[in-house]
Amino acid sequence: MRRVGRAALVVLAVGSWASTGLGIAFAEGHGHGHGATALGGSAPLDAWEQNTAQGHRQNNNCSHWNGLPFGVTEAVLTGGRTDGHCVVGDASFNKHAVTKGGGAHTTGGSGVANAVQQNTAQKGRQNNNCANANHTNITVTGGPAQAHCADLDRSRNHHTLTKGRGAHTTGGSAAAGVFDQNTAQEGRQNNNCADANFVSLPVIGGRAEGHCANRDGSRNHRTLTKGGGAHATGGSGDDFGSFRQNTAQEGRQNNNCADANTTDINVTGGQAKGHCANRDGSRNHHVLTKGRGAHTTGGSGAAQVFQQNAAQEGRQNNNCADLNSTLLTVTGGRAEGDCVNLDRSRNKRSLTKGGGAHTTGGSAPIAAFQQNTAQEGRQNNNCAKSNAASIRPIEGRTQNHCANLDRSRSDRTLTKGGGAHATGGSSLTALGVQQNTAQEGRQNNNCGNVNNTTLHLTGSDVDAACATVDRSKRARTAEISDGAKAEGGSGLAGLFQQNTAQDGRQNNNCSNANDLTLTATGSRVRTQCVAVDRSKNIGSVYR
């Protein structure tokens with residue numbers, strides 16, 4: 001048996017203390033930070049880098065594989081086990097506390113040949129950036145490869161001020177190819193989890209899993225939280241191409257989960273799973289939350305561009321199980337992507353103002369394969385959308401589930417959005433294959449839409465399910481929207497696009513195939529989108 005390794009990090013923060021025991025400490029005081037900055041250096045050949053800047057409190061950057069080139073070095077797990085665990089628990093008590101930070105800034109260096117990088121900037125509290133493999137060959141045979149990230153917040157906050165200058169990450173550039181994951185997280189309990197970028201992942205009779213879980217049981221009274229915004233910008237690549245995932249998350253409990261980009265996933269008699277779960281049981285009274293928006297900009301490439309650009313502003317939004325230019329082969333095995341949000345929060349006399357979510361795809365002279373997603377609001381699903389992908393289940397099963405349940409209680413609350421805008425990049429000479437999604441509002445579904453994808457099924461099941469249930473109760477609340485806009489890029493040759501803009505509440509855009517090649521033998525393809533509204537609204541205003 002070959003055992004690759006085991007890593008565990010368990011932190012329980014109690015007040016202003018770090019402890020491995022139980023209990024609650026009390027802290028009354030003031031703190032001031034000048035920001036965290038990570039700058040990557042440059043190299044005359046390849047630049048293999050992981051640059052991380054973390055500001056404020058209990059942020060996870062966990063279990064990332066970066067830069068194991070195909071045929072040179074690989075991670076082989078045969079009958080062994082590799083576990084990565086990141087667990088954070090907050091039972092602190094904070095009264096008359098002020099926290100001011102200078103922001104978190106990460107800049108990747110450049111390489112004359114290739115740039116293989118993971119650049120992460122986290123500002124805020126209990127944000128997960130977990131189990132993202134970049135330019136890596138991982139072989140799992142008869143053993144589990146697991147990564148778990150969990151956040152639990154049971155803090156008590158009274159008369160507190162939290163002010164940050166934002167999280168900013170910028171990817172480096174290269175003369176050949178750029179392979180990078182650029183992540184900026186601002187806010188609280190946001191998940192960026194199990195996203196594979198330019199990865200070969202054979203799973204033979206084994207199990208590859210990524211789990212991210214957030215649970216918020218905090219109590220907040222007369223608190224003010226002001227964020228400086230989250231910005232992720234990809235660098236540029238020249239000769240070979242640009243392969244990147246750019247993620248900016250601003251707000252609370254947003255999921256960007258199990259999105260594979262330019263990746264080969266081959267599951268034979270095994271399991272490949274990505275799970276993201278958020279549960280909000282917080283209590284918020286006289287609370288002001290103000291964000292400056294989440295902005296993602298994809299870099300350009302002189303050849304081809306393969307990108308997933310996601311900007312999320314608000315609360316409990318799902319961007320889940322979206323395959324971009326990926327080969328997924330499932331033979332007698334199972335591939336799953338699950339995103340679950342449960343909101344049981346209580347909100348009274350609360351004000352939430354968003355600066356808007358904006359994502360812009362990069363351009364390329366040859367081909368642009370992109371998924372650009374901007375989500376503003378609460379509990380919106382962008383789920384199980386394959387773009388320029390090849391999916392081949394043989395006696396296997398592929399499942400993707402996105403579920404939202406809203407049981408929140410809101411009294412005299414105001415929610416004001418800055419709008420969601422998604423803009424696709426352009427392709428000058430060849431193909432433009434894009435899915436551009438902008439969602440503004442609450443519990444909107446964009447689910448199971450296949451774009452320019454080949455699907456071969458033999459004795460298999462392919463399921464995609466998106467469900468939203470609204471059982472919330474609102475009295476004297478107001479929600480003001482600035483609108484959702486999705487703009488597709490241009491192409492001088494072929495253009496295959498799905499552009500979706502949803503504004504409002506419980507809208508379905510589901511199971512729409514665009515330029516699909518489907519071969520099915522003894523198989524089943526099923527897509528379900530369900531929206532149930534049992535909410536109670538008294539004296540509420542929507543504009």
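Residues numbered from 1 in each chain as written. Predicted model: local features only at pLDDT ≥ 70, side-chain atom pairs only at ≥ 80, totals over all residues. Heavy atoms only, no water.

Visitor: I'd love a proper account of the overall build of the protein chain, names of residues and values included.
Guide: Looking only at helices and strands, the protein chain has 0 helices and 63 strands in total. Taken over the C-alpha trace, the protein chain has a radius of gyration of 22 Å; the compact-globule value for 543 residues is 24 Å, and the two agree within 12%. Across its three principal axes, the protein chain shows a C-alpha extent of roughly 55 × 45 × 45 Å. In the protein chain, buried positions account for 57% of the 543 residues. Accessible surface computed for the protein chain: about 19,600 Å², of which carbon and sulfur atoms make up 53%. In the protein chain, 53 positive and 38 negative side-chain charges are present, and the distance between their average locations comes to 12 Å. (Helix = DSSP H or I, 4+ residues; strand = E, 2+ residues; numbered from the N terminus. Rg over C-alpha atoms; globule rule 2.2 N^0.38 Å. Buried < 20%, exposed > 50% of the residue type's maximum accessible area, 1.4 Å probe, protein only. Areas by Shrake-Rupley, 256 points an atom, 1.4 Å probe, with all protein chains shown as cover. Lys, Arg positive; Asp, Glu negative; His and termini not counted. Charge placed at Lys NZ, Arg CZ, Asp CG, Glu CD.)

Visitor: Quick rundown of the pairing of strand β40 (residues 357-360)? Include the residues and the values.
Guide: On a regular strand, each side chain points to the face opposite its neighbour's, so the side chains alternate between the two faces of the sheet. Alternating residues of β40 divide into A357 and T359, all buried, and H358 and T360, none buried. The pairing of strand β32 (residues 294-297) with β40 spans 4 bridges and is parallel. Along β40, the bridge assignment pairs T297 with T360. Here β40 runs beside strand β48 (residues 420-423); their pairing, made up of 4 bridges, is parallel. Opposite H358, over in β48, you have H421 as the bridge partner. (Pairing = 2+ DSSP bridges.)

Visitor: Which residues make up the side chain of Q253, and what values go with them?
Guide: Along the chain, the position of Q253 falls in the loop between β27 (241-252) and β28 (255-257). In this structure Q253 comes out as buried when scored by relative accessible area, which is 0%. Polar side-chain contacts of Q253 include one of 2.8 Å to the side chain of Q189. (Polar contact = N/O pair within 3.5 Å; in protein donor to acceptor, adjacent residues only side chain to side chain.)

Visitor: Please give an account of empty space enclosed by the protein that cites residues and values.
Guide: All chains considered together, the criterion is met by 4 cavities of 30 Å³ or more. Each pocket or cavity is described by its volume, and for the largest cavity that value is around 80 Å³. Lining the largest cavity, in full, are D259, Q308, N309, A310, N319, D322, Q371, T373, N382, K385, Q435 and T437. Counting residues per element, the ones that place at least two in the lining of the largest cavity are β33 (304-315), β41 (367-378) and β49 (432-442). In terms of residue count, β33 provides more of the lining of the largest cavity than any other element does, 3 residues in total. The class makeup of the residues in the lining of the largest cavity is 1 nonpolar, 8 polar and 3 charged. (1 Å grid on protein atoms, 1.4 Å probe; cavity = no way out; pocket = protein on both sides within 12 Å on 5 of 7 lines; lining within 4 Å. Points joined across faces, edges and corners; volume = space filled by probe spheres on them. Nonpolar A, V, L, I, M, F, W, Y, C, P; charged D, E, K, R; others polar.)

Visitor: Summarise the sheet that holds β32; cite the residues concerned and give the values.
Guide: Strands sit in the order β5-β13-β20-β26-β32-β40-β48-β56 across an open sheet of 8 strands; the sheet is parallel. Of all the strands in the sheet, the pair left with one neighbour each is β5 (36-39) and β56 (484-487). Across the sheet, the axes of successive neighbouring strands diverge by a mean angle of 0°, strand direction being ignored. Relative to β32, strand β26 (residues 230-233) runs parallel, the two sharing 4 bridges. In the strand pairing of β32, H231 is matched with H295. (Axes fitted to C-alpha atoms, helices over the stretch in contact; angles between N-to-C directions.)

Visitor: I'd love a proper account of the nonpolar core, names of residues and values included.
Guide: With 23 residues, the main nonpolar core has V140, L201, V203, L323 and L328 as its most contacted residues. Those elements giving two or more residues to this core turn out to be β17 (138-141), β23 (200-204), β29 (264-268), β36 (327-331) and β52 (454-458). Here V140 is in contact with L77, A145, P202, V203, I204, G206 and R207, once residues within four sequence places are set aside. Grouped together as the second largest cluster of nonpolar side chains are 21 residues, C276, C320, A321 and C529 included. (Core = buried A, V, L, I, M, F, W, Y, C linked by side-chain atoms within 4.5 Å. Contact = heavy atoms within 4.5 Å.)

Visitor: Give a detailed account of a positive patch on the surface, specifying residues and quantitative values.
Guide: Together, R154, R156, R215, R219, R279, R283, R344, R346, K473 and K536 line one region of the surface with positive charge. Inspection of the secondary structure assignment puts R279 in strand β30 (residues 271-280). (Patch = residues over 30% accessible without salt bridge, like charges linked within 9 Å, V, L, I, M, F, W, Y side chains within 5 Å. Salt bridge = Lys/Arg side-chain N within 4 Å of Asp/Glu carboxyl O.)

Visitor: Please give an account of the state of the cysteines that cites residues and values.
Guide: What is meant by a disulfide is a covalent connection between two cysteines, made through their sulfur atoms. Per the stated rule, a full pass over the model turns up 5 disulfides. The disulfide bridge from C193 ends at C212, spanning 2.5 Å between sulfur atoms. Given an S-S torsion of about 100°, the disulfide between C193 and C212 has right-handed geometry. Pair noted here: C193 is in strand β22 (residues 191-193) and C212 is in strand β24 (residues 207-216), with a separation of 19 residues, a long-range link. Assessed through its relative accessible area of 2%, C212 is described here as buried. Note that C447 is cross-linked by a disulfide to C466, the S-S spacing being 2.4 Å. The chirality of the disulfide connecting C447 with C466 is right-handed, given an S-S dihedral of about 95°. In this pair, C447 sits in strand β50 (residues 445-447) while C466 sits in strand β53 (residues 461-470), placing the two residues 19 residues apart along the sequence. (Disulfide = S-S within 2.5 Å.)

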